[in-house]
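Now for the letters of each chain:
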Amino acid sequence: MGFPNKKTAHTTASMSLKVVSIAAVLSLVGCGTPPTDVKEANANPDAFLAKNYTLQALRPAYVETLKAVGASGPTNFKEITFKFDHRYRSIGATEDSVTAPQATYRPLGNGFFQHVRTLENNGFLVNRSFELTFLGVLSLKKENANTGSKVTTFDSVVKEVKPFKLDPAKLIPGSKFSVDYGNAFPLQEFNFRWSKVTCTTEKLGAASEVHPKIRGNAVWLACNATHESGGESKFTNVYLAQYGLIIATKYADSRLTAADTVADFIER
């Protein structure tokens, strides 16, 4: 999940909570990228990710703005994979809906990650999303290969971020940081939907509290988001210091509550 997109946050069944897609012909931050045949994207997802989700897909100045945040994180691992127990409930529903997505992150350095999230049902692939993300919370390019569609579709992404600093080593209980960011669909270059997220450090602890296999320390963050289009949301994020990545564990807005529990963790 990370930092939510107000317009699309309540519609998703995965913790990214930003999954309203637009049809074809779209691109990302400044570069035209056509959609891909879903079967082709899913046939070799590793190759598809490596080819299409690099920093070259972003404007150089935008990359430099994010590098200047200062939360570079370690890169001494090839990839990490989380298997989640994801539960969500629309307001008014009497029971949770449950899915078991799997999320893999590969570090590119300076806080950037390639991210693949896979959802299956009864052993059959339902959707595979490909994403270029900053710290795991700002979606910079995202594309869905849903098996019910012929071609991939692109999500709205963070097109602009106001400069901010984040030194995870200095986070202590009670400390705060804020991020202002503008969301838009890939070809859109104006009239962004702006949001502001403020996170307060709740506690420091061992990352093994999230799952016994996760190494290093962790920082729990209580976050509140406001959106210029109206509405608010609240969520809990956990910064995993060993990997320089933030994952979400809880989310709530006026239409939905959701929670992710790490059922398994694999480091390569």
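Along the chain, the regular secondary structure elements total three helices and 15 strands. Classification of the 268 residues of the chain by burial places 52% in the buried group. Taking as baseline every contact in the chain between residues at least 6 positions apart, the subset at least 24 positions apart corresponds to 57%. Counting every atom, the chain has about 11,800 Å² of accessible surface; 52% of that belongs to carbon and sulfur.

For the rest of this paragraph, the subject is the nonpolar core. Taken as a class, soluble globular proteins show a tendency for nonpolar side chains to be buried jointly. Among the nonpolar cores identified, the biggest contains 44 residues, and L138 and V161 are the most heavily contacted of them. The dominant element in this core, judged by the number of residues it contributes, is strand β12 (residues 217–227), at four residues. By size, the runner-up hydrophobic cluster in this structure holds 19 residues, among which are L240, Y243, I247 and F265.

So, on to the packing of aromatic side chains. Inspection of every chain in the model, using the stated rule, returns eleven aromatic pairs. Arranged with centres 6.3 Å apart and planes meeting at 25 degrees, the rings of F235 and Y251 form a pair that is stacked. Note that F235 is positioned in strand β13 (residues 232–240) and Y251 in strand β14 (residues 245–252), a separation of 16 residues in sequence. Given a relative accessible area of 3%, Y251 falls into the buried group. Joined through ring pairs, the aromatic side chains of F77, F82, F84, Y105, F113, Y243 and F265 make up one cluster. Above the face of the F185 ring, R193 is positioned so that its terminal group lies 5.6 Å from the ring centre.

Going through the model one piece at a time under the given rule, you end up with one disulfide. Two residues, C199 and C223, share a disulfide whose sulfurs are 2.1 Å apart. What sets the handedness of the C199 and C223 disulfide is the S-S torsion sign, and at about 110 degrees it is right-handed. Here C199, found in strand β11 (residues 193–206), pairs with C223, found in strand β12; they are 24 residues apart in sequence, far enough to count as distant. Accessibility classification places C199 together with C223 in one group, the buried group.

To continue, consider helix α3 (residues 60–67). Turning to α3, its buried residues number three or more, namely Y62, V63 and L66. Across the axial projection of α3, the buried residues extend over an arc of 100 degrees, all falling on one side. Exposed and facing more than 90 degrees away from the buried side of α3 are P60 and A61. In this structure, the buried residues of α3 make contact with β5 (112–121), β6 (124–134), β7 (138–146) and β9 (157–161).

What follows covers the side chain of D260. Its location among the elements puts D260 in strand β15 (residues 256–267). Here D260 falls in the buried class, since its relative accessible area comes to 6%. Polar side-chain contacts of D260 include one of 2.6 Å to the side chain of H86.

The rules behind each value
Just so you know, the residues in each chain are numbered from 1, in the order the chain's sequence is written. Restriction of local features to residues with pLDDT of at least 70 applies here, the model being predicted, together with a cutoff of 80 or more for giving and counting side-chain atom pairs; totals for whole chains, interfaces and linings are based on all residues. Hydrogens and waters are ignored; side-chain quantities use all the structure's heavy atoms. Where helices and strands are cited, they refer to DSSP runs of H or I of at least four residues and of E of at least two residues respectively, numbered from the N terminus. Residue exposure (1.4 Å probe, protein chains only): buried if accessible area is under 20% of the type maximum, exposed if over 50%, otherwise partly exposed. The contact definition used throughout considers only heavy atoms, calling two residues in contact when any of these lie within 4.5 Å. Only the protein chains shown count as cover for residues, and all accessible areas are computed by the Shrake-Rupley method using a 1.4 Å probe. Joining through side-chain atoms within 4.5 Å is the link that ties buried Ala, Val, Leu, Ile, Met, Phe, Trp, Tyr and Cys residues into a set, and such a set is a nonpolar core. The criterion for an aromatic pair is that two Phe, Tyr or Trp rings (for Trp, the six-membered ring) have centres within 6.5 Å, with stacked assigned to planes under 30 degrees apart, edge-to-face to planes over 60 apart and tilted to the rest. Two conditions define a charge sitting above a ring: the NZ of Lys or the CZ of Arg must be within 6 Å of the ring centre, and it must be within 35 degrees of the ring normal. Two cysteine sulfur atoms make up a disulfide if the distance between them is within 2.5 Å. Each direction from the helix axis to a C-beta atom contributes to the arc, which is the arc of those directions. Polar contacts here mean pairs of N or O atoms no more than 3.5 Å apart (in protein, one a potential hydrogen donor and the other a potential acceptor; neighbouring residues in sequence count only if both atoms are side-chain atoms).

These figures come from the coordinates and say nothing about function on their own.
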